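Analysis of the macromolecular model
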Amino acid sequence: MAPFQADTKNVHGSETASWDSGGTAGILPAERAKASFDVEKMTNFIDGGKKETFRRRWITGSTEDLKDMGGKSERFDMPREGNRGAIAENFKHFMDVHKEHLDKFMVPKGRDMLYMTMGQTMGGYPGFGLFLTTVLGQSSPEQLGWWLGKTYSMQITGAYAQTELGHGSNVRGLQTTSHYDVDKKEFVLNTPTLDSMKWWPSSMATATHAVVYAQLIIQGKEHGVHVFMVQLRDENLEPLPGIEVGDIGTKAGENEVDIGYLRMKNVRVPRKHMMEKKSHVDPDGTYVKHSAGQSSGDDKTHYLTMMTARVMMVAGASVFLAKGATIAIRYNAVRKQGFKNTGADQSFKGEENQIIDYKMNQYILLKELSLAFAIRITSNWLSDKLMAIQQDPIAMGGDIPELHASAAGLKGYCCNATAIGLEELRKCCGGAGYLQASGIAPLEADYKWRATAEGDTTVMLLQTARYLMKAASAAASGNPLPGSLASALSPLKNPNFNPFDAKPRASTTWKDYCDLDYLMKLFEFRTLAQVKFLRTALDTRLNAGQTFDQAWAGLTLKACRTGQSHVLYFMLGKFVEMVRTCEDDACQKALTNICVLFALQDIVDGKQWGGLLDINQLDHAEEACNNVCSMIRPDSVALVDSWDFHDKTLNSTIGRYDGNVYEAQYLAAVKSPLNKDSVPDYFEIYRDYLDMDFLKLRNGLCDEDMDPDDCSAYPEAEEASGSGLTAALSKL
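In this report, the structure presented in the accompanying data block is examined. Since this is a predicted model, take the numbers as computed values, not measurements. (Residues numbered from 1 in each chain as written. Predicted model: local features only at pLDDT ≥ 70, side-chain atom pairs only at ≥ 80, totals over all residues. Heavy atoms only, no water.)

Before going further, it helps to examine the overall build of the protein. The helix and strand inventory of the protein stands at 24 helices and 13 strands. For the protein, the proportion of its 732 residues judged to be buried stands at 50%. Partitioning the intrachain contacts of the protein with sequence separation of at least 6 by distance along the chain shows that 73% fall at a separation of at least 24. By element, 53% of the accessible surface of the protein is carried by carbon and sulfur atoms, the whole surface being about 35,300 Å². Positive and negative charge centroids in the protein, built from 78 and 92 side chains respectively, lie 8 Å apart. (Helix = DSSP H or I, 4+ residues; strand = E, 2+ residues; numbered from the N terminus. Buried < 20%, exposed > 50% of the residue type's maximum accessible area, 1.4 Å probe, protein only. Contact = heavy atoms within 4.5 Å. Areas by Shrake-Rupley, 256 points an atom, 1.4 Å probe, with all protein chains shown as cover. Lys, Arg positive; Asp, Glu negative; His and termini not counted. Charge placed at Lys NZ, Arg CZ, Asp CG, Glu CD.)

Another aspect to go through is helix H7 (residues 141-152). Taking 1.5 Å of rise per residue, 12 residues should cover 16 Å, and H7 covers 15 Å from first to last C-alpha, within 8% of that figure. Within H7 the residues assigned to the buried category are Gln-143, Trp-147, Thr-151 and Tyr-152. Seen from one end, H7 has its buried residues packed into an arc of 115°, which puts them on one side. Seen from the buried face of H7, the exposed residues on the opposite side, beyond 90 degrees, are Pro-141 and Gly-145. Met-154 sits one or two positions beyond H7 and adopts a positive phi of about 65°. (Expected span 1.5 Å × (residues − 1). Arc of directions from axis to C-beta.)

Between helix H14 (residues 516-543) and helix H16 (residues 556-579), the shortest axis-to-axis distance is 9 Å and the interhelical angle comes to 155°. Taken as axis vectors, H14 and H16 run roughly antiparallel relative to one another. In the packing of H14 onto H16, the handedness of the crossing is left-handed. In this structure, H14 contributes Leu-516, Leu-519, Met-520, Phe-523, Glu-524, Arg-526, Thr-527, Gln-530, Val-531 and Leu-534 to the contact, and H16 contributes Lys-558, Ala-559, Thr-562, Ser-565, His-566, Leu-568, Tyr-569, Leu-572, Gly-573 and Val-576. (Axes fitted to C-alpha atoms, helices over the stretch in contact; angles between N-to-C directions. Parallel < 35°, antiparallel > 145°, perpendicular 65-115°, else oblique. Left-handed = near helix turned anticlockwise from the far one by under 90°.)

The next subject is the packing of aromatic side chains. What the rule picks out here adds up to 18 aromatic pairs. Aromatic pair Phe-500 and Phe-525: ring centres 6.2 Å apart, planes at 65°, arrangement edge-to-face. Highlighted residues: Phe-500 in the loop between helix H13 (485-489) and H14 and Phe-525 in helix H14, separated in sequence by 25 residues. You can call Phe-500 partly exposed: its relative accessible area is 38%. (Phe/Tyr/Trp six-rings, centres within 6.5 Å; stacked < 30°, edge-to-face > 60°.)

Looking now at the state of the cysteines. One pass over the structure, following the stated rule, counts 0 disulfides. No disulfide involves Cys-702; its sulfur sits 17 Å from that of Cys-711, the nearest cysteine. Cys-702 gets classed as exposed once you look at its relative accessible area, which sits at 64%. (Disulfide = S-S within 2.5 Å.)

A surface patch of negative charge is lined by Asp-614, Asp-619, Glu-622 and Glu-623. Along the polypeptide, Glu-623 turns up in helix H18 (residues 615-632). Owing to a relative accessible area of 40%, Glu-623 belongs among the partly exposed residues under this scheme. (Patch = residues over 30% accessible without salt bridge, like charges linked within 9 Å, V, L, I, M, F, W, Y side chains within 5 Å. Salt bridge = Lys/Arg side-chain N within 4 Å of Asp/Glu carboxyl O.)

Further remarks concern the nonpolar core. Residues Leu-369, Tyr-513 and Met-571 are the most contacted members of the largest nonpolar core, which totals 133 residues. Excluding anything up to four places from it in sequence, Met-571 contacts Leu-371, Ala-374, Ile-375, Thr-378, Leu-410, Tyr-413, Cys-414 and Phe-598. Counting residues in each nonpolar core, the second largest holds 23 residues, with Tyr-180, Phe-187, Val-212 and Val-245 among its members. (Core = buried A, V, L, I, M, F, W, Y, C linked by side-chain atoms within 4.5 Å.)

With that out of the way, let us pick up the pairing of strand S1 (residues 158-161). Residues Gly-158 and Tyr-160 line one face of S1 and the alternating positions Ala-159 and Ala-161 line the opposite face, and both faces are buried. Alignment of S1 against strand S5 (residues 209-218), held across 4 bridges, turns out to be parallel. Pairing of Ala-159 across the sheet is with Ala-210, part of S5. (Pairing = 2+ DSSP bridges.)

As enumerated under the stated definition, the model contains 31 salt bridges in all. The residue Asp-539 makes a salt bridge to Arg-535 at a minimum N-O spacing of 2.7 Å. Of this pair, Asp-539 and Arg-535 are both found in helix H14, 4 residues apart, which corresponds to roughly one turn of the helix. With a relative accessible area of 18%, Arg-535 lands in the buried category.

Okay, here's the thing in structure tokens:
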């Protein structure tokens, strides 16, 4: 069988279209020439300074020179199984990047984990992070001596086994059990029902150990959920007795990362394998809760741990969304469709429009980019705040509850908005965005699980809303409030307060909506009004005799939206605050436009503005949205360049820095496994159905006796269009 032949020898980028070139090489350089600011200065601002840019490039650079499957279109065609499959290649990639640092016990700090996310070209080994975090956070000093070194150097691999097939967010309801056997001084772990098996843990199928969350039961008494170190595989890598462990199957995305399940039947572990930082069980079965675990400082450290995890997910959302925006904006700048002159006499060679200049496309692209900026700047502010207080969490004072509640809502909103935004960006790329090699299709699929992992959007926003209700009660009692809520909710101390008394002046022109101070007043007003409305609705239900749980359940829709209103107010506040710290005038002007668009897209598309703004104000907002997009348009390519993603990291045929998208798409297509032979194997199935004699014509005339110059078969102009088809069918 002959090998597949493709004429790729001379394919190259050029400004002129030809057999070997798409002719797009000059488009992105021309776009970059329009920029109103210095890209490197914008990069430094996004990162938080030149030192952070230097550190990020050092971390992300570790993946750029690897000769692995990351950054290649062939990655998307890899099978999952086998020692050269996607799971094996992903683990090898992780070790190639991190092993030398792990061996030196270099611990990521500050934004290092974010930078690792920015540079990764494959799914990573998420079990490592969750497993390591639990070992660090739940182990006693003695246990750290046993497990930390081997965990950190990857001499053992681990999984975080909390979620069950039938239980997720309700951790108190987990059904996995751990009974203490007083005679043998061991814990006996079971997943007693089908729905109690551990389900969804990352890296479970490739783990040698797991930190297992289970209900501790001693002599029939329940002591709640505790964490146990459980070895899964022996020295031959076979599952230990009582252990059933495996992969749960192919997912919508990120299939190089194994996601597994775990069933346990009478699995015994030593008494000392219950993680003992906060409590332990004496040999005689006495349960001992450590007093240190009840201190104010430890409670605040627990808050800090949860906030850190959520802030990292928020920061990661900005990276994924910015990658998607980079791919989509570059492709939309390069891709042309539709004549500028639509007259009937237009030649097919006439000049066409860049699709980024179609207003709806432009709005979607730029609003998602503005959201990426808002998320990143907010996460930068939060990570700086967390780093500043980690040395002394007790000194955090009253800021902790608001930070914790805001971080919960931010995780819920930002991760969900990113999942939605990536799909919107993908659709802006048309058919090209449906290909895995586009980079944006797998990006969307790989990201979407994060919208529900570690806290579903609704659950997270409800946490924020519950805090807002406590804050509203405190404000009504005249108690001081921390942070941004202090000014926003202070009017509630007046029992007769009417939210509409605090309404900002009505806009008189679209230009009002380009004023950051005016936008801040609008978002503060919405938060104040919606918190007041929700608190009033809650009190009405409670006064009618409903329990809090009944009343809260009946207000879930309003509560979620109120939580989101606060989150957006919080984000806009941090965005405005950080933009005003920008020392470069040109960068600050460009950032101001992006910040304005972030606010406007929520007014135009968002929730809870009904009744707060009238039709004229909304018209002004739409007009402002359109005009601000036009202001941002010349900077659009430079703005995505400022995120500084390497081509290997994007792994995209259509989002390349050089703009040679047609050459890249063709070369990636040629590498498809289906193109190995000139006659693919699947034609063996087709052969039995095909008319092989007809194929012998090889583009010759169907009727050998036909005169090539004969025109008698053509229908007259006035004949019905279907008559030819009828005649042809009559001959069958």
